[in-house]
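# Per-entry structural report
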2 protein chains.
Amino acid sequence: MVSSGISSGNSLEDSSGTVAVVGAGVIGLSCAWRAASAGFAVRVYDPAPGSGASHVAAGMLAPVTEALPTEPAVFALGAAALRRWPDFAAELTAAGADPRLRTDGTLVVALDPGDRAELDRIAEQLSRMGRPVDTLSGRQARRVEPSLGPQVCRALSVPDEASVDNRALLAALLVACRGAGVEFHAHRCLRPPSADVVILAAGAHSGALHPRLHRMIRPVKGEILRLRGRPGALAPPSRTIRAIVGGRQCYLVPRDGGRLVLGATRSEVGFDTDVTAGAVRELLTDAERVLPAVAEYAVEEAVAGLRPASPDNLPVIGELEPGVLAATGHYRHGILLAPLTAEVVLALLRGEDGPGEAGPATPARLPPVSGDASHDSHRHSRVARSAP
Amino acid sequence: MVSSGISSGNSLEDSSGTVAVVGAGVIGLSCAWRAASAGFAVRVYDPAPGSGASHVAAGMLAPVTEALPTEPAVFALGAAALRRWPDFAAELTAAGADPRLRTDGTLVVALDPGDRAELDRIAEQLSRMGRPVDTLSGRQARRVEPSLGPQVCRALSVPDEASVDNRALLAALLVACRGAGVEFHAHRCLRPPSADVVILAAGAHSGALHPRLHRMIRPVKGEILRLRGRPGALAPPSRTIRAIVGGRQCYLVPRDGGRLVLGATRSEVGFDTDVTAGAVRELLTDAERVLPAVAEYAVEEAVAGLRPASPDNLPVIGELEPGVLAATGHYRHGILLAPLTAEVVLALLRGEDGPGEAGPATPARLPPVSGDASHDSHRHSRVARSAP
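Residues numbered from 1 in each chain as written. Chains lettered and ligands numbered in written order. Predicted model: local features only at pLDDT ≥ 70, side-chain atom pairs only at ≥ 80, totals over all residues. Heavy atoms only, no water.

So, on to the sheet that holds strand β17 (residues 324–328) of chain B. All names here are of chain B. Across the sheet, 6 strands lie side by side as β8-β2-β1-β9-β17-β16; this open sheet has mixed pairing. Each having just a single partner strand, β8 (183–185) and β16 (316–321) make up the two edges of the open sheet. Averaged over all adjacent pairs, the angle separating strand axes in this sheet is 20°, with direction ignored. As judged from the 3 bridges shared by strand β2 (residues 41–45) and β8, these two strands associate in the parallel manner. Residue valine 44 lies in a different strand from β8, and its bridge partner there is phenylalanine 184. (Pairing = 2+ DSSP bridges. Helix = DSSP H or I, 4+ residues; strand = E, 2+ residues; numbered from the N terminus. Axes fitted to C-alpha atoms, helices over the stretch in contact; angles between N-to-C directions.)

Here it is as structure tokens:
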């Protein structure tokens, strides 16, 4: 259960207050769209809307396979979010543009004997979680996805997962926001702007905006490659492929137009968006073992984003202080969790209870800010709520 | 010996005629600069000056190691061009910008026993050509270039080779051209423009501009990766490294600012500038074996260009018909051969003999155009020389 609404006197039950959203990634835009559609006057602050980690994401809506091997709280939150995706996508499409939801599920594949053993452990674990999956032989997997290579020796079919085209989603959210009357301000906020309620949704940069987020939200680099199938090469798979290749995990997520997004579960902490040669080499080598046709695909882009990670890998959604809400820390799950996050934020703006499933995301779990918890916390002045 | 000047009546000995150059790559710009500096009125036609194959080049000035294993005519031409580079670079620097000539030589390295045997064959061959080289052990090579990896087991030091920064070179040529009064016209020529003399320097697109070049000049894709060293990783080598890795060849060419250009000697014919995932993976894998620090470098760019190849891998420099000169077909050697090519072209414009070393590049070696040599040659109308 999340805290029942924001602090007394700070909810905006009459929908007449002003809401400032810091950050126009998938989280900020989703919150802004929902709030503006509900009648709030919403301003969004971002020097380059839609250009951060959301722009780099693979767009998997994959709570089951993302939370592996053992993050039950992340799984539960993701599952709650996934249930909201079909309506969210439909409403977004109606509001202006289609985020290209694909509901074909995920195929998790193994290559080496060690990978196969890992896959069997995952199947067993999912079964214990009450989510039995189909186990396929390599041959059966290739019957489902003919572009899989001969080294694939086992697969799990996880039918109820999905994906969206993250860039189509961002474009759709921008259209929907403008349609709902959201105002965009193209500048970087060094501190929360003044408004009746401020929503901090600045992703990996959120830590600088509030003392309670400082040192709690860390940037974790994620790199992807965007490929394009070429004439003569086998077409990309029709569903998301997650692969365990020599103990490493990578994923291959199809897009319209014969495109394919590759990513890996590497993680490097720091404000650095370099795509390293070693990461590209490893990702391409692994992806080619999974899907040999990849060798013939064109490399369109290699790009890195900074995902906002919290200490427990759960997002931080809720009130930080009167008039200031957090909607950040979504780590690898920003796209998946966007509909649920926007729902929680809208409930809080209205002074209502948010959905109970979002309870674990409460800021109440963060340690209190003390004078010596961070020797440079004096740089972050506490934000005074402006009078309405 | 090249033909003695261009056809009687078409030389421009009084430097008062107009010269149109089609193509603003390194060849077109070098010719334009030299011609304008000599007093000709020069116009250059290119929709995007400095953006073609020259922009993608590695910038090696490496006639010895490029011509391996056996292309003596290409080697001789390259050696003649290399001798002209120091003056060319100095004059260009004086005319406005520095093309960053590096004269540290080339180190050719081998990794596997098979590669080592290949290296020994090359050393023997160079010795027979009267170009003895120093053979180094792996340890000696690492003393010279500490970033070389432990798998390097033998090396040849070829001291008298060089490199330039191809993009600095293009920028310098553009400055020098403008300084010399060259006029730029930003459009694509579908046929030679009218002028007293036209110079066809359109690289891989030259074949469409004249029947004698049609089917003689083919596009051959070349892919490069541009990397940037990062703090904490070993710095790039100080000289060009050419490597034989499991029978494949690749090269690593240092640039200022800790940057490194990687390329390979793959070749694919066709008007396609896709950079394939397989090529990137192979190039990075090989480069990492040569220079392990590469894994930590940032990938800044993966890009392909179309090199103009002739049937015998020699360029085509000289008169195609009265008033029309070719300066194309330089294949992998456009940067290296630019000073020599410009010298030949300027001599021809003046009605003088070009340098004898450029003789093998004469268009006279191309087959004559006959009615049935090319069934679609009727598309290319012969160019009438405009009256001066």
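Read on, since the account is not over.
On to the relation of the copies chain A and chain B. Under the fitted operation, chain A is carried onto chain B by 0.0 Å of movement along the axis and a turn of 180°, and the coordinates agree to an RMSD of 0.0 Å. Between the two chains, the operation in question is that of a two-fold axis. Among all C-alpha atoms of chain A, that of Arg281(A) lies closest to the rotation axis, at 2.6 Å. Of the interface residues in chain A, 100% have counterparts in chain B that sit at the interface too, so the contact is made through matching surfaces. (Least-squares fit on C-alpha atoms with pLDDT ≥ 70 in both. Contact = heavy atoms within 4.5 Å.)

What follows is about the packing of aromatic side chains. According to the stated counting rule, one finds 4 aromatic pairs over all chains in the structure shown. Ring geometry for Trp85(A) versus Phe88(A): centroids 5.2 Å apart, planes at 75°, classification edge-to-face. In this pair, Trp85(A) and Phe88(A) are both assigned in helix α4 (residues 72–94), 3 residues apart and thus about one turn of the helix distant. Across this residue pair, the class does not change: Trp85(A) and Phe88(A) are buried. The rings of Trp33(A), Trp85(A) and Phe88(A) are connected pair by pair, giving a single aromatic cluster. Directly above the ring of Trp33(B) sits Arg34(B), whose terminal nitrogen or CZ lies 4.6 Å from the centroid. Positioned above the aromatic ring of Phe184(B) is the side chain of Arg178(B), whose terminal nitrogen or guanidinium carbon lies 5.0 Å from the ring centre. (Phe/Tyr/Trp six-rings, centres within 6.5 Å; stacked < 30°, edge-to-face > 60°. Buried < 20%, exposed > 50% of the residue type's maximum accessible area, 1.4 Å probe, protein only. Lys NZ or Arg CZ within 6 Å of the ring centre and 35° of its normal.)

Between chain A and chain B, the residue contacts involve 21 residues of the former and 21 residues of the latter. Each partner contributes to the roughly 1500 Å² buried at the junction of chain A and chain B, and carbon and sulfur atoms together form 50% of this total. Contact with chain B buries surface across chain A, with Arg230(A), Ala277(A) and Arg281(A) losing the most and accounting together for 31% of the total. Where chain A packs against chain B, one counts 8 salt bridges. For Arg228(B), the salt bridge identified is with Asp274(A), shortest N-O distance 2.7 Å. Applying the counting criterion to the chain A and chain B interface returns 14 residue pairs in polar contact (both at pLDDT 80 or more). For the side of chain A that touches chain B, the secondary structure elements donating two or more residues are β10 (218–228), α8 (277–290) and β15 (298–309) of chain A. (Buried area = accessible area lost by both parts, 1.4 Å probe. Salt bridge = Lys/Arg side-chain N within 4 Å of Asp/Glu carboxyl O. Polar contact = N/O pair within 3.5 Å; in protein donor to acceptor, adjacent residues only side chain to side chain.)

This part is about the environment of Pro315(A). All names here are of chain A. If you trace the backbone, proline 315 turns up in the loop between β15 and β16 (316–321). Spatially, the C-alpha atom of proline 315 lies 15 Å from that of glycine 25, the residues being 290 residues apart in sequence. Ignoring anything within four residues of it in the chain, the contact list for proline 315 reads Leu77, Thr328, Gly329, His330, Leu337, Ala361 and Arg365.

A few words on the nonpolar core. Formed by 62 residues in total, the largest nonpolar core has its most connected members in Val109(A), Leu252(A), Val109(B) and Leu252(B). When sequence neighbours within four positions are dropped, the list of residues in contact with Val109(A) reads Leu119(A), Leu148(A), Val152(A), Arg154(A), Ala155(A), Ile241(A), Arg242(A), Ala243(A), Ile244(A) and Val290(A). (Core = buried A, V, L, I, M, F, W, Y, C linked by side-chain atoms within 4.5 Å.)

Geometric values such as these leave the question of function open.
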